[in-house]
Amino acid sequence: MRPTPLKNLLFSQPKRIYFFLTLAILLIALIVHYGTISDNARALKAAREAYRSEPNSPKAQLNLRNLERKVKVQESFFRAPYDGRADQLPANSFGQAQSFLEELNGEPLLAGNWSGRFRPYVFRKGHYLSLFQERPLKNFENFDFYSPTPISNHEILFAGEELGNKKFDLFLYDTQKAKIVPLTNTPGSDNGDFCLSPKKDLIAFRQDQSERIAKLFDQTLHYFDGSEMPEFQRCLWVNQNKFLGLAGREKPFAIYSCETNNEKALCTQSSLGHSLQDFQDFYKTDDGEIGFIALKDDSEFRQAYAINDGFKSSKLSLKNPKAKGDVLEITDGVSRLGFESRYWSTLSNEKTSIIFKIKKMGSEFFAIAADGNSSKSLAVLDRERWKIQAHPNFSAPSTISEPKEIWLQAANAARTQAFYFGAEHPKKVVVWFHGGPKENVSPRFNPYFQELNRRGFGVLAVNYPGSTGRGREFQESFKNSGAQSQSMKSVFKFLSDNSADEIIAWSISTGAEMQKFILKNGFRVSAVVDQAGQNSTELRELALDRHIPYFSIRGTNDYFPDDTGFFDVLYEGGHDISFFPNFRILFEKFDAFLARLENH
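### Re the state of the cysteines
Under the criterion given, the structure shown has two disulfides. Sequence-ordered numbering of the bonded cysteines in the protein chain yields a pairing of 1-2, 3-4.

### Topic: the side chain of Ser 353
Position of Ser 353 relative to the elements: it lies in the loop between β24 (342-345) and β25 (354-361). Residue classification places Ser 353 among the buried residues on the basis of a relative accessible area of 3%. A distance of 2.7 Å separates the side chain of Ser 353 from the side chain of Glu 350, its partner in a polar contact. The residues contacting Ser 353, other than those within four sequence positions of it, are Tyr 343, Ala 370, Asp 371 and Trp 386.

### Here we look at the packing of helix α4 (residues 447-454) against helix α9 (residues 580-598)
Two elements in contact, α4 and α9, have axes separated by 12 Å at closest approach and are oriented at 35 degrees. In this structure, α4 crosses over α9, and the sense of that crossing is right-handed. Counted together, Pro 447, Tyr 448, Glu 451 and Leu 452 of α4 and Phe 583, Leu 586, Phe 587 and Phe 590 of α9 form the full contact between these two elements. Tallied by class, residues from the contact of α4 with α9 come to seven nonpolar, no polar and one charged.

### Quick word on the pattern of salt bridges
Inspection of the entire model under this criterion finds 24 salt bridges. Ionic pairing is found between Lys 438 and Glu 250, a salt bridge with its closest N-O pair at 3.2 Å. You can see Lys 438 sitting in the loop between β31 (428-433) and α4 and its partner Glu 250 sitting in the loop between β15 (242-247) and β16 (254-261), a full 188 residues away along the chain. In this structure, the salt-bridge partner of Arg 455 is Asp 591, at a minimum N-O distance of 2.6 Å.

### Observations regarding the environment of Ile 504
Along the polypeptide, Ile 504 turns up in strand β33 (residues 502-508). Judged by relative accessible area, Ile 504 falls into the buried class, the value being 0%. Sequence separation between Ile 504 and Tyr 550 is 46 residues; the distance between their C-alpha atoms is 9.8 Å.

### Overview of the sheet that holds strand β19 (residues 290-296)
If you trace the four strands from one edge of the open sheet to the other, you get β18-β19-β20-β21, paired in antiparallel fashion. Because the sheet does not close on itself, it has two edges, and the strands there are β18 (276-284) and β21 (314-316). On average, each strand axis in the sheet is tilted by 35 degrees relative to the strand beside it, whichever way the strands run.

### Quick look at α9
Here α9 contains 19 residues, and its C-alpha end-to-end distance of 27 Å stays within 8% of the 27 Å for a straight helix at 1.5 Å per residue. If you check which residues of α9 are buried, you get Phe 580, Pro 581, Asn 582, Phe 583, Leu 586, Phe 587, Phe 590, Phe 593, Leu 594 and Leu 597. The secondary structure elements touched by the buried residues of α9 are α4, β33, β34 (527-531), β35 (550-555) and β36 (569-571).

### Some words on the sheet that holds β15
Read from one edge to the other, the open sheet built from five strands follows the order β13-β17-β16-β15-β14, with strand pairing classed as mixed. The outermost strands of the open sheet, each flanked by one partner alone, are β13 (225-226) and β14 (234-239). Strand direction decides the pairing type here: β15 and β16, joined by six bridges, are antiparallel. Residue pairing for β16: Phe 243 is matched across the bridge by Cys 258.

### Considering the confidence of the model for the protein chain
For the protein chain, per-residue confidence averages 86 on the pLDDT scale, and 83% of positions sit at 70 or higher. Contacts for the low-pLDDT stretch residues 6-11, under 50 throughout, to residues beyond four places or in other chains number five contacts. When the criterion is pLDDT under 50, residues 68-87 qualifies, and its contacts beyond four places in sequence or with other chains add up to 40 contacts.

Cut-off values and rules
- Residues numbered from 1 in each chain as written.
- Predicted model: local features only at pLDDT ≥ 70, side-chain atom pairs only at ≥ 80, totals over all residues.
- Heavy atoms only, no water.
- Disulfide = S-S within 2.5 Å.
- Helix = DSSP H or I, 4+ residues; strand = E, 2+ residues; numbered from the N terminus.
- Buried < 20%, exposed > 50% of the residue type's maximum accessible area, 1.4 Å probe, protein only.
- Polar contact = N/O pair within 3.5 Å; in protein donor to acceptor, adjacent residues only side chain to side chain.
- Contact = heavy atoms within 4.5 Å.
- Axes fitted to C-alpha atoms, helices over the stretch in contact; angles between N-to-C directions.
- Left-handed = near helix turned anticlockwise from the far one by under 90°.
- Nonpolar A, V, L, I, M, F, W, Y, C, P; charged D, E, K, R; others polar.
- Salt bridge = Lys/Arg side-chain N within 4 Å of Asp/Glu carboxyl O.
- Pairing = 2+ DSSP bridges.
- Expected span 1.5 Å × (residues − 1).
- pLDDT = per-residue confidence, 0-100.

So this is what it looks like as structure tokens:
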């Protein structure tokens, strides 16, 4: 029997129809694709012209940025979409882990932005393995995924935020099916701060201005009925039918006890929150003690307080360590403490590593930690020392400025703690005011400081009045003008004594209040940089009144009602920059600002 000629196989009538039909579909797809690119290119050209004619318009800036991103995505039609893999972005010193740590099948589970967006990683045998595969990210390339929490050996719960939307949603990832499932899918509502019941089938979470309770079944949320409940910033399940919730970001705080029964929930307020100046978190120990960590009216530092069985009163826990400082975490018989900008654990006397979270897994202890050479990463306890496991996509600078602790004393003997990063005797200095104000600058690697050092600036990072780690009195002095005055006088005297010619004040978030104070009180600065500060309009006007150059940085999802001015850097995202390309753009524009400053 003679074989059928090849040409007959290729050009038989059914195959001819299939061949030409496929070719036609491909041609149509290409025509549509390049037509879309052409339309977007024309729109981008118009947006650039609108921006040039009205550069101070936030709307023109945002429209231009969105179209630039859209065209960039369209032009990469034949490229694989970004899926969070380490080889898709250049190694850099910006990426870090979230201060969150869980266990998945006996291995550390955490989130980090080493490969771009925040993605989940499992740490296995000394290596970081990306939890996501390429397929599930097909429709979620522009999402950051935070707080990965296992609910089974193959299902993980997340809080996710899409680029361009300031609201969070809840998601489930099934590792067996390699599939991401939106659980809330409410772009107009903000969901987050979730906690799981002991059986991990009930979830309590904040949804806008109220708390929702739902049963998680078949990868779907089934909501409980309940009376009106305020949103909780912290929550903890005591047992399968009861959980505690904290309402309020500032005092007065309110602690609620919530009962669930027959898919109904009822929350009642206790008197436990009345005497709290500041709240850290709830805790539950291995031996069943339930409590909270807080700063009370009668205490100098944050302490752990055990709650009685009736949830009506509390007493100082016997588990508080004797060391001086704030108790920050109690877990698995271990405490984490903070004092004068160091965070350490009772597992080790070493204080060169700054510890942000601790988790025991089997016989090993893991932590989220940073030091002078590495940003926040996973750390392993080895012979009472923390060994930081840097992600391979983290690239430390060739030269790193080791922090120098400085205590600045004012005329009234008040002391201000600061850390200096950079070369000795600099002529150019950036004075750095952290956010919060209930935060502090610690002696650890900071990519901003290293970038500024590369540009010839020393960085003096100041723990101004209101910073944590020095007790209640110092923390409450944030709005004390006398304390602020003495602190800033000591800071600027130090700069003068060290012959600093050019001083740039750079603030993050609430640190802008310190910027306003120094401008109102005549302290000499060469320029002001405002990053994510509220009421930037007021700060801009203060700078302009004194003829001081002003540089403003804001996320597209981080507007305040009183922000009406132009932003020099409008990055894609929320309160913090999380994406390395945006960090790089910030410093490119800052370089241009410095060039203008030299000609000022």
